[in-house]
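A closer look at the structure
Next come the chains, spelled out residue by residue.
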Amino acid sequence: MIEVSVSINAAVLYCDETALEIQLGNGYSFAKNYIDNLPFKDKITDGRGKLTIDYLGSVKSDENGKYLICINKEDVYQIENPIKGPGVYTDTDLMCGNQAEAYNQLEIDYLHKMFSLLHLFKEGNIGTKEIFLEHVFSIGIMKNKLNHSSNNVTRNITDNRMFSLLPDEVLSCNQFLSDYQGLEYAMLKNSIDEFVWGLEQVDVGTGFEQFTTALEMTLLGHNQQGKKEVLSKRVAVILESTPVAIRQMYTRMKTFYRFRSESLHEGNGQNISKAELFELEAIVRRILVKCLERIKQELQTNASVTWPEVKAMIINDLKSRVAAENTAGTFAS
C-alpha cells in the first residue's frame, strides 16, 4: 500500500466568526484566513487578483485586512500500489486517479451532510462553492501530485443571509451535528436534500415549489388525495398546540399551497415574496427537525427501524391529532 497525504481547503460562504466554534468532525476545522494568505487564492481570483463574484458577499475585514472563513483538513490515507509487477504502465495508471476520486467523493458527501445539518439547525446561507483537494504521494522515486476541485455549480450566491450563532447556540449547534449525522440523517436524506435544493434556488417561485415538495415527501403517503387540505392540517398540528395557532397555521399553509400551484402550473409566482419564501423555509426546517427527533427516538428502541416505518408512525399520529381537531371544530371557517 502507498500512503497519500491530502490537504482539503475551501472558503465557507455567508458565515461570521461564530462559525469558528463549529465542530464539523472528521478532521475538519474552521479558520479565519486572510485573502492574501489563502493557499488557493489563485483559484478564486481573476487575472487581476480580484476575488470572483462568488466570494464577494462573504468577505470580512478587520485591522489586518480582508479575510474569509475557511475549512481545512490534513489527512493521510492509503491506496493500492498500481505497479503489480513487470509490465508497461501509463501515466494514468501511475497517477491513481480513480482511487483519489473515491476518497474525494467520500469527503464531498460528508461536507454536504454537515452543511445540510447546519441549514437545518438555523437559517443562513452557509456552505462552500468550491472545495480544493491536493493529493501527494510517491511511487519509488516518482513523486505525484493530484490537484482536484469540486465546484457546487448550483450554489446560491444571491442569498446574503449570514449564518451566525448566538453565544448560547454554539453548544446546541455542535450537539445537533453530533446527534443527527448518523442513521437519522441517512433515513431522512431525501427530504433533507429536497429542502437544501430549495435553498439553492435563485428563483423564488422554484424555491417555494421545492420546499412544498419536501413537506409532501415527508408528511404525505403515496398517491395522497386532497394534498392541500391534508398537508395543511398535518403541518398545523405537528407545529402548533393551541386551537388559535393551529387554525392560523392551517390557513397559512393553504395560502402557501395556492401560491405553489399558481407558480408550478400557471408559471405565476408574483404572489410569492422573499419574506414568504423564508417563512415557508422556516416551516420546513421545523418539520424536518421534528422528524429527525422522532427517528432518533425510534432508533433507541429499534435499531433496525426504517424511514418508511417511522414515517407511517408519524402519519398515524398526525391523523389522530387532525381527527381530534376536526371534532373540536378547530379548522372550521
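Here, every reference points to the structure presented above.
Attention in this report is confined to the structure presented alongside it. Please read these numbers as outputs of a predicted model, since none were measured by experiment. (Residues numbered from 1 in each chain as written. Predicted model: local features only at pLDDT ≥ 70, side-chain atom pairs only at ≥ 80, totals over all residues. Heavy atoms only, no water.)

1. Comments concerning the pairing of strand β1 (residues 2–13)
To keep things clear, this is the line we draw: Partly exposed describes any residue whose relative accessible area lies between the buried limit of under 20% and the exposed limit of over 50%, with all areas from a 1.4 Å probe on protein chains only and scaled to the type maximum. The numbering of helices and of strands both runs from the N terminus, where a helix is a DSSP run of H or I of at least 4 residues and a strand a run of E of at least 2. When DSSP finds two or more bridges between a pair of strands, those strands are recorded as paired.
Buried residues dominate β1, accounting for ten of its twelve residues. For β1 and strand β4 (residues 65–79), the ladder comprises ten bridges, and the chain directions are antiparallel. Following the sheet pairing, A11 is matched in β4 by C70. As paired strands, β1 and strand β5 (residues 127–128) are joined by two bridges and run antiparallel to one another.

2. Thoughts on the packing of helix α6 (residues 204–219) against helix α7 (residues 227–239)
Two numbers describe a pair of packed helices, the interaxial angle and the distance between the axes. What counts is decided by this rule: Fitted lines through C-alpha atoms serve as axes, helices being fitted only where they are in contact, and the angles separating the N-to-C directions of these axes extend from 0 to 180 degrees. Oblique is the label for any angle not under 35 degrees, not over 145, and not in the 65 to 115 range, which are roughly parallel, roughly antiparallel and roughly perpendicular in turn. By definition in these notes, contact holds between two residues if any of their heavy atoms fall within 4.5 Å. Any residue that is not Ala, Val, Leu, Ile, Met, Phe, Trp, Tyr, Cys, Pro, Asp, Glu, Lys or Arg is counted as polar, Gly included; the first ten are nonpolar and the last four charged.
In contact at an axis separation of 11 Å, α6 and α7 are set at 80° when each is read in the N-to-C sense. In terms of their interaxial angle, α6 and α7 are classed as roughly perpendicular. Contacts between α6 and α7 involve L215, E216 and L219 from the first element and K227, L231, R234, V235 and I238 from the second. Residues of the contact of α6 with α7, tallied by class, amount to five nonpolar, no polar and three charged.

3. Focus: unusual backbone geometry
Peptide bonds are, in most cases, trans, and in most cases residues other than glycine have a negative phi. The phi dihedral of N26 is positive, around 60°, even though this residue is not glycine. In this structure, N26 sits in the loop between β1 and β2 (29–34). In this structure, N223 is a non-glycine residue whose phi angle is positive, near 55°. Residue placement: N223 occurs in the loop between α6 and α7. For N223, a relative accessible area of 57% corresponds to the exposed category.

That is the geometry; function is a separate question.
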